[in-house]
Each structure stands twice: as C-alpha cells, then as structure tokens.
Amino acid sequence: DAKTTQPPSMDCAEGRAANLPCNHSTISGNEYVYWYRQIHSQGPQYIIHGLKNNETNEMASLIITEDRKSSTLILPHATLRDTAVYYCIVRVAMTPDYKLSFGAGTTVTVRA
Amino acid sequence: DAGVIQSPRHEVTEMGQEVTLRCKPISGHDYLFWYRQTMMRGLELLIYFNNNVPIDDSGMPEDRFSAKMPNASFSTLKIQPSEPRDSAVYFCASTMTGYEQYFGPGTRLTVT
C-alpha cells in the first residue's frame with residue numbers, strides 16, 4: 001500500500017470548515033483513499049473513501065486531486081465533537097487482503 | 001444493531017497470568033480483525049479472519065498470543081503468559097464489504 005503523509009496537528013474554530021490534507025504521491029491506479037478518525041478513548045470510525053472522484057456523505061467531503069497524489073478531507077462545519085485523530089489510509093479495495101495500515105494521523109482540535 | 005461488542009472493557013492482571021479478550025462482530029459481517037494500540041507503536045493489525053478462518057496472523061507478536069473464531073458471532077484473543085509490555089488497548093473490528101471496518105470500543109489491558 002502507498003504511504004501517506006499528514007500534518008501532525010491542526011486547530012480549527014467551531015462552526016468553520018476544517019480542511020485536512022493528505023499526501024500520497026506513490027498511490028497506484030487501483031488504490032483508494034480512506035479516512036478514519038479516532039475520538040479519544042474510542043475505536044476508530046470510518047468517515048469516507050474515494051478512488052478519483054470527489055465524494056460526499058453526511059459526515060464529510062473528500063476532494064482528490066486530478067493526479068491523485070493528494071487529497072483533502074473537509075468537515076464542513078466543525079463541532080467540538082469532531083476533535084479527534086484523523087487517519088488518511090491508501091489501499092487497494094477489491095482484494096482479499098482487507099488490512100488497514102494506520103499511520104500517526106493528524107490530531108485535530110476544534111476550539112470554541 | 002448493537003455494533004461490535006468487546007469484553008471486558010478493562011482488564012488488570014499480573015504478569016504471568018492468562019488473559020482472554022472477547023469480541024462479538026456485527027451480525028452478517030464475515031471479516032473480523034484484532035488490532036492493538038499503544039502510544040509507541042500506534043494501531044497495529046494483529047490477525048484477521050474471513051468466514052471464521054484465520055487469513056493473516058503475521059502481526060501476532062509472538063507465540064504467547066493466540067486467536068480463535070469458533071463461530072461467526074464470537075472470537076477470542078488470548079495471551080498466555082501475559083507480560084507488562086502487552087499492556088495496550090485491543091480493538092476488534094468487523095466488515096462485510098471491506099470498505100468500512102466497524103470497530104468496537106476496545107479493551108484496555110494493564111499487566112502489572
């Protein structure tokens with residue numbers, strides 16, 4: 001699986017959009033970008049995934065650049081409950097190997 | 001649905017004792033994963049099952065660790081004998097599609 005690079009931490013104001021970057025310059029054509037988050041003392045939670053088109057669900061939006069070497073997770077209206085560690089993971093989806101490799105992630109702190 | 005259920009939530013034991021962690025996956029999910037999280041090493045995959053069969057146990061640290069899945073609704077992770085360095089939070093996760101892994105609340109293990 002391709003390696004990802006994320007900033008170690010970032011702050012965000014409550015009510016504002018939080019834009020979380022992720023670099024994955026060695027991504028392969030059949031690899032998807034996944035985002036998970038882990039709120040303190042809880043298990044990781046799936047947020048969203050995408051291949052090359054932008055994706056949106058009730059939690060967030062995922063913007064993937066045309067060359068697929070980077071992506072941005074957007075939390076449109078951050079709340080205090082969005083304070084968590086956010087993980088960007090790149091892996092092949094349609095494979096018998098369902099491993100997820102979590103890196104260090106980005107610690108996002110939403111401030112009132 | 002109740003989600004992934006893990007028990008116990010907290011376990012404190014003495015070095016040398018046997019520890020058994022339990023997991024009930026979400027009904028209908030045919031993949032089950034065991035992860036371990038520590039401050040030093042982050043979130044690591046230990047082993048995963050498909051249709052109750054272990055597929056990849058390359059993450060199991062040593063022979064003291066063993067995992068079983070006797071049926072589709074139950075799995076155990078056993079450590080015998082336990083050591084202080086096994087202290088960590090152990091997560092169980094399950095999935096049906098492979099895109100989203102649903103994590104349990106974790107078991108915090110402390111070995112003194």
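Per chain, residues are indexed from 1 in the order of the written sequence. Chain letters start at A and ligand numbers start at 1, both assigned in the order the entries are written. Totals for whole chains, interfaces and linings use every residue, but because this is a predicted model, local features are given only for residues with pLDDT of at least 70 and side-chain atom pairs only at 80 or more, for both listing and counting. Note that the side-chain values use all heavy atoms of the structure and ignore hydrogens as well as water.

**A short note on the layout of surface pockets**
And then number 1: Any residue with an atom within 4 Å of a point lines the site, the site being either a cavity, points on a 1 Å grid over the protein atoms alone where a 1.4 Å probe fits but cannot get out, or a pocket, an open set with protein on both sides within 12 Å along at least 5 of 7 lines. Grid points are joined across faces, edges and corners, and a volume is the space filled by probe spheres set on the points. Volume-wise, the largest pocket comes out at about 640 Å³.
And then number 2: As for the largest pocket, its lining consists of 27 residues, and the residues nearest its centre are A:Gln38, A:His40, A:Ser41, B:Gln37 and B:Met39.
And then number 3: Counting from the N terminus, the helices are the DSSP runs of H or I reaching at least four residues and the strands are the DSSP runs of E reaching at least two. Sorting the residues of the lining of the largest pocket by element identifies β8 (84-92) and β9 (106-111) of chain A together with β4 (31-38), β5 (42-50) and β9 (88-95) of chain B as the ones contributing at least two each.
And then number 4: When the residues that make up the lining of the largest pocket are grouped by side-chain class, the tally is 12 nonpolar, 13 polar and 2 charged.
And then number 5: Estimated volume of the second largest pocket: approximately 230 Å³.
And then number 6: What lines the second largest pocket is a set of 15 residues, among which A:Gly43, A:Pro44, A:Gln45, A:Tyr46 and B:Phe103 lie closest to the centre.
And then number 7: Taken together, the elements giving at least two residues each to the lining of the second largest pocket come down to β4 (45-50) of chain A together with β10 (102-103) of chain B.
And then number 8: When grouped by side-chain class, the residues that make up the lining of the second largest pocket number 8 nonpolar, 6 polar and 1 charged. Note on residue classes: Ala, Val, Leu, Ile, Met, Phe, Trp, Tyr, Cys and Pro are nonpolar, Asp, Glu, Lys and Arg are charged, and everything else, Gly too, is polar.

**Observations regarding unusual backbone geometry**
And then number 1: Between B:Ser7 and B:Pro8 the backbone carries a cis peptide bond, its omega angle lying at -10°.
And then number 2: As for its position among the elements, B:Pro8 is in the loop between β1 (5-7) and β2 (10-13).
And then number 3: Across the junction of B:Gln80 and B:Pro81, the peptide omega takes the value -5°, indicating a cis bond.
And then number 4: By the element assignment, B:Pro81 lies in the loop between β8 (74-79) and β9.
And then number 5: For A:Arg68, which is not a glycine, the phi torsion comes out positive at approximately 65°.
And then number 6: Looking at the element boundaries, A:Arg68 is found in the loop between β6 (61-64) and β7 (70-75).
And then number 7: With a phi angle near 50°, B:Asn51 is a residue other than glycine that sits in the positive phi range.
And then number 8: Note that B:Asn51 resides in the loop between β5 and β6 (53-56).
And then number 9: Remark: exposure states derive from per-residue accessible area (1.4 Å probe, protein chains only) relative to the maximum for the residue type, with buried under 20%, exposed over 50%, and partly exposed in between. Judged by relative accessible area, B:Asn51 falls into the partly exposed class, the value being 48%.

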